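Report on the structure
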Amino acid sequence: MRKMTELLTLLQLSDSCFPTGSFSHSIGFEAAEKRRIISDLGSIQEFTTQCLENAGSFVLPFVKEAHMNSTDVNKLIYLDNLCEACITNHVAKRASTRQGKSLTHTSAQAFGNCDIKAIDSLIQSSEINGHHSVIFGCICQFLNIDINVTLETFMFMYLRTIIASAVRLGSIGALQAQNLQHAKQSTIPEIITRYVTPINVHANV
């Protein structure tokens, strides 16, 4: 029963209808298209691969550490400040904090979780910037979502955002998009293994 509850919570959190503002971000796809970096299906596939590799090497470690240290406020503030320092592009930085703040506020209202509400209060008082990767990791832990599932879900949502942007901008058809998503999401486990060592949650059982 608990596993089913966790699954349903995960599905709600990762649903594209869950209002976190992710639909308004393209993870650079729109800019790449305007600069003619993307011009055909092959370049879309290459861009998507590069984005997933970047997410795995740069963003995913923040998700993992936040999940593992969700109850340590000082550690979360440190991770959030580190993320703030590492994201040098002001557009990406603004997108990250906007999504993180929206995710926190929506989750606090939707789930009524006291720990999430506490993070929301930290954001409101400007004690934490609220970068999306850090927020996603700790919220998933607060909702009792397994760490490995959290990592996989984050990467899936990252991929989905790119694919949705391609469809929205008319760069690819809906069926082609689903085919591309299916192909690329099969690489997610390998990316996670390469950049973030999966956690054996049953090691001490």
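About the cut-offs
Residues numbered from 1 in each chain as written. Predicted model: local features only at pLDDT ≥ 70, side-chain atom pairs only at ≥ 80, totals over all residues. Heavy atoms only, no water. Helix = DSSP H or I, 4+ residues; strand = E, 2+ residues; numbered from the N terminus. Rg over C-alpha atoms; globule rule 2.2 N^0.38 Å. Buried < 20%, exposed > 50% of the residue type's maximum accessible area, 1.4 Å probe, protein only. Contact = heavy atoms within 4.5 Å. Areas by Shrake-Rupley, 256 points an atom, 1.4 Å probe, with all protein chains shown as cover. 1 Å grid on protein atoms, 1.4 Å probe; cavity = no way out; pocket = protein on both sides within 12 Å on 5 of 7 lines; lining within 4 Å. Points joined across faces, edges and corners; volume = space filled by probe spheres on them. Nonpolar A, V, L, I, M, F, W, Y, C, P; charged D, E, K, R; others polar. pLDDT = per-residue confidence, 0-100. Axes fitted to C-alpha atoms, helices over the stretch in contact; angles between N-to-C directions. Left-handed = near helix turned anticlockwise from the far one by under 90°. Expected span 1.5 Å × (residues − 1). Bend = angle between axes of the 7 residues up to and from the residue. Core = buried A, V, L, I, M, F, W, Y, C linked by side-chain atoms within 4.5 Å.

Attention now goes to the overall build of the protein. Assigned secondary structure in the protein consists of ten helices and zero strands. Going from the N terminus to the C terminus, the protein shows its helices and strands as α-α-α-α-α-α-α-α-α-α. In terms of overall dimensions, the protein is globule-like: its C-alpha atoms have a radius of gyration of 17 Å, near the 17 Å expected for 205 residues. Counting only C-alpha atoms, the protein reaches 45 × 40 × 30 Å along its principal axes. Per-residue burial for the protein yields a buried fraction of 45% across its 205 residues. At a minimum sequence separation of 6, the contacts of the protein that also span at least 24 residues come to 76%. A total accessible area of about 10900 Å² is found for the protein, and carbon and sulfur atoms account for 54% of it.

Let's shift gears to the layout of surface pockets. Considering only enclosed or pocket space, the largest pocket measures out at about 1000 Å³ in volume. In terms of lining residues, the largest pocket is bounded by 36 residues, among which Ile27, Gly28, Ala92, Ala95 and Tyr158 are the most central. Elements supplying a minimum of two residues to the lining of the largest pocket: α2 (29-34), α3 (41-68), α4 (73-86), α5 (90-111), α7 (132-142) and α8 (147-168). Residue contributions to the lining of the largest pocket peak at seven residues, all from α5. When its residues are assigned to classes, the lining of the largest pocket shows 16 nonpolar, 14 polar and six charged.

The next subject is the confidence of the model for the protein. When pLDDT is averaged along the protein, the result is 90, and 93% of the positions lie at 70 or above. Note that residues 201-205 has pLDDT below 50 and, in this model, three contacts with residues that lie over four places away or in other chains.

Two elements in contact, α5 and helix α6 (residues 114-124), have axes separated by 9 Å at closest approach and are oriented at 140°. α5 and α6 meet at a crossing whose hand is left-handed. Residue-level contacts link Lys101, Thr104, His105, Ser107, Ala108 and Phe111 of α5 to Ile116, Lys117, Ile119, Asp120 and Ile123 of α6. In the contact of α5 with α6, the residues fall into five nonpolar, three polar and three charged.

So, about α3. For α3, built from 28 residues, the straight-helix expectation of 40 Å at 1.5 Å per residue is met to within 8% by its first-to-last C-alpha distance of 38 Å. Its maximal kink placed at valine 59, α3 deviates by approximately 45°, while the proline proline 61 follows within four residues.

Here we come to the nonpolar core. Counting 52 residues, the largest nonpolar core has Leu13, Leu60, Ile119, Phe136 and Met155 as the members making the most contacts within it. Per element, the largest residue contribution to this core is ten residues, and it comes from α3. When residues no more than four places from it in sequence are discounted, the contact partners of methionine 155 are Leu52, Ala55, Gly56, Leu60, Ile188, Ile191 and Ile192.

A word on empty space enclosed by the protein. If a probe the size of a water molecule is rolled over the atoms, the empty space left behind becomes visible. Scanning all chains against the criterion turns up one cavity of 30 Å³ or more. Considered as a void within the structure, the largest cavity measures approximately 30 Å³ in volume. Around the largest cavity, the lining residues are Leu13, Thr20, Leu103, His132, Phe136 and Met157. Class assignment of the residues belonging to the lining of the largest cavity gives a composition of four nonpolar, two polar and no charged.

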